[in-house]
Amino acid sequence: MIRAVELIQRKRDGEELSASELSELILGYARGEVPDYQLAAFCMAVFFRGMTPAETYALTDAMIRSGETVDLGVALGRKVVDKHSTGGVGDKTSLSVGPIVAACGVPFGKMSGRGLGHTGGTLDKLESISGFQIELPLDAFVTQVREVGMAIVGQTADLVPADKLLYGLRDVTATVDQVSLIAASIMSKKLAAGAQAIVLDVKVGDGAFMKTLDEARLLAEAMRALGEQAGREVVCLLTDMDQPLGGAVGNALELVEARATLRGEGPADFTELVLDACARLLALSDLGVDLDEGRRRAEAVVADGSAEAMWCSWIEAQGGTSDEAALPVAPVVREVRATSGGVVESLGAIAVGMAAVHLGAGRQTKADEIDHAVGVVCLRKRGDTVAVGDVLAEVHARDEAAAAGAEAEVLAAYALGDGPADTRSVLLDVIG
Ligand code: URA
């Protein structure tokens with residue numbers, strides 16, 4: 001008999017639970033023996049009381065033990081490196097990092113997730129491509145990573161099933177943005193998938209779960225501690241999410257931008273983050289290179305076309321077409337023009353993310369179908385100077401009414417003023 005009420009009550013009152021108590025609760029939940037309402041109450045108690053490092057580790061460990069683990073490193077006979085982002089607006093980083101790292105000779109096998117609220121998910125973006133298979137049997141996934149160099153798939157049902165359940169519950173009980181719960185959710189998936197070295201992109205700002213650098217540092221430290229305790233190397237990048245990353249926000253639009261970045265034609269902030277993350281992954285890999293050499297190699301495969309060639313091989317290996325003309329296109333494209341002149345002092349990430357969701361690019365309920373063609377392209381970003389009538393952004397919509405609504409939302413997301421321009425880099429800090 002699981003003592004759920006007692007454990008919830010003790011957490012509510014600020015007590016520390018033991019590893020076996022947390023294991024009992026989480027594994028009981030995963031088996032369907034503890035109902036959603038009790039886990040929801042437990043998550044809310046954690047939200048207010050927090051968890052000690054020992055509790056966070058025990059939670060992570062219990063979540064991993066709720067399902068199977070994969071050792072991609074053993075299957076490939078190579079050191080496996082992986083990356084994960086805490087989620088943001090316009091965050092298409094894995095789509096560009098994967099082909100670059102793979103073109104440099106480091107296997108990239110990633111299990112990704114779907115969008116949540118105003119943040120987009122890699123799987124939703126990939127499903128813009130006709131024929132693309134996000135569900136591969138484990139042996140096909142490993143074979144593709146070995147033979148092609150990379151694969152991005154959905155998390156298999158057997159990998160950390162407790163996270164899948166808990167995440168869905170947290171999403172609808174206002175308990176997503178808690179450091180220990182996020183750290184355990186992300187790290188359980190990374191550890192269960194066998195990565196030996198992990199680059200974590202911790203987003204900070206208006207469009208992220210962590211709104212301040214201090215909160216983001218706490219999350220980064222919690223995830224690093226979990227990784228180290230499990231014997232893995234972890235590097236955390238703290239990156240700006242006060243404005244959307246790059247220009248495109250919306251599924252097919254983001255794919256086009258991710259691919260352009262592989263040709264060296266991506267937006268400056270996105271390109272900088274991608275190249276930095278690649279350099280760090282290469283430096284952690286078994287290539288035996290340092291950070292500078294990693295950066296040089298990442299830039300070289302962009303310049304010589306091999307990163308884009310890897311994109312095509314990867315997409316086709318997973319059943320998709322690499323013909324960009326086959327991507328869905330929205331019937332209405334409306335320009336958003338500045339109604340005053342000045343410097344772009346801020347561009348609200350969450351406002352642009354929500355405009356994209358309202359256009360249909362994201363889900364408002366779990367059952368919603370995504371419209372892969374629609375979204376927003378921000379042509380002007382923080383620090384740019386604009387004149388009245390300049391095009392700030394484009395709205396890609398299903399119809400004129402949706403376009404008009406999004407136009408107003410995107411215009412309101414831009415704050416123009418006298419400056420000075422905010423020249424903050426996308427990369428705010430590195431931990432580890
Ligand atoms: N991403 C995850 O995988 N889990 C969280 O809890 C938050 C972001």
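The notes below deal with the structure included here. Think of each chain on its own: its residues are numbered from 1, step by step along the sequence as written. Only residues with pLDDT of at least 70 are given local features in this predicted model, and only at 80 or more are side-chain atom pairs given and counted; all residues enter the totals for whole chains, interfaces and linings. Hydrogens and water are ignored here; the side-chain numbers use all heavy atoms of the structure.

### What to know about the pairing of strand β5 (residues 233–240)
Side chains on a regular strand alternate between the two faces of the sheet. The cut-offs for exposure are 20% and 50% of the maximum accessible area for each residue type, with area from a 1.4 Å probe on protein chains only; residues under the lower value are buried, those over the upper are exposed, and the others partly exposed. Strands here are runs of E lasting at least two residues and helices are runs of H or I lasting at least four, both read from the DSSP assignment and numbered beginning at the N terminus. The buried fraction of β5 amounts to seven of the eight residues, a majority that puts the element mostly inside the structure. One bridge is not enough; two strands pair if DSSP finds at least two bridges between them. Across eight bridges, strand β4 (residues 197–204) lies against β5 in parallel orientation. Bridging from a neighbouring strand, Val-199 pairs with Val-235 of β5. As paired strands, β5 and strand β13 (residues 427–431) are joined by four bridges and run antiparallel to one another. What sits directly across from Thr-239, in β13, is Leu-427.

### Describing the site of the ligand
In the vicinity of the ligand, the residues found are His-84, Thr-86, Tyr-167, Arg-170, Ile-182, Ser-185, Ile-186, Lys-189 and Phe-209. For the ligand, an oxygen atom lies 2.9 Å from a polar atom in the side chain of Arg-170. Pairs of N or O atoms within 3.5 Å make up the polar contacts considered here, provided that, within protein, one atom can donate a hydrogen while the other can accept it, and that residues adjacent in sequence are counted only when both atoms are side-chain atoms. Ser-185 places a polar side-chain atom, nitrogen or oxygen, 2.6 Å from a nitrogen atom of the ligand. Residue-level accessible areas treat just the shown protein chains as cover; the underlying method is Shrake-Rupley with a 1.4 Å probe. Contact with the protein chains covers 93% of the free accessible surface of the ligand, which is 240 Å². For the shell around the ligand, the secondary structure elements donating two or more residues are α9 (161–171) and α10 (179–192). It is α10 that provides the largest number of residues to the shell around the ligand, a total of four residues. Its residues placed into classes, the shell around the ligand shows four nonpolar, three polar and two charged. Near residues are defined by distance, with any heavy atom within 4 Å of the molecule or strand qualifying the residue. Side-chain classes follow a simple rule in which Ala, Val, Leu, Ile, Met, Phe, Trp, Tyr, Cys and Pro form the nonpolar group, Asp, Glu, Lys and Arg form the charged group, and the remainder, Gly included, forms the polar group.

### Section: the packing of helix α2 (residues 19–30) against helix α3 (residues 36–49)
Note on geometry: axes are C-alpha line fits, over the in-contact stretch for helices, and angles between N-to-C directions span 0 to 180 degrees. Interhelical geometry of α2 versus α3 gives an angle of 140° and a closest axis separation of 10 Å. Relative to α3, the element α2 is oriented oblique. Between α2 and α3 lies a crossing of left-handed hand. Taken together, the residues of α3 that come into contact with α2 (itself represented by Leu-22, Leu-25, Ile-26 and Tyr-29) are Asp-36, Leu-39 and Phe-42. Any angle between 65 and 115 degrees counts as roughly perpendicular, while under 35 counts as roughly parallel, over 145 as roughly antiparallel, and the rest as oblique. The handedness criterion is simple: a crossing whose near helix is rotated anticlockwise from the far helix by less than a right angle is left-handed, and one whose near helix is rotated clockwise is right-handed. Between two residues, a contact is recorded if the distance between any of their heavy atoms is within 4.5 Å.

### Let's talk about α3
Look at α3: 20 Å from first C-alpha to last across 14 residues, which is about the 20 Å you get at 1.5 Å a residue. When we look at burial in α3, the residues that qualify are Gln-38, Leu-39, Ala-40, Phe-42, Cys-43, Ala-45 and Val-46. In this structure, the buried side of α3 is in contact with α1 (4–12), α2, α9 and α10. One or two residues past the end of α3 sits Gly-50, with phi positive at roughly 75°. By definition here, a helix of n residues has an expected span of 1.5 Å times n minus one.

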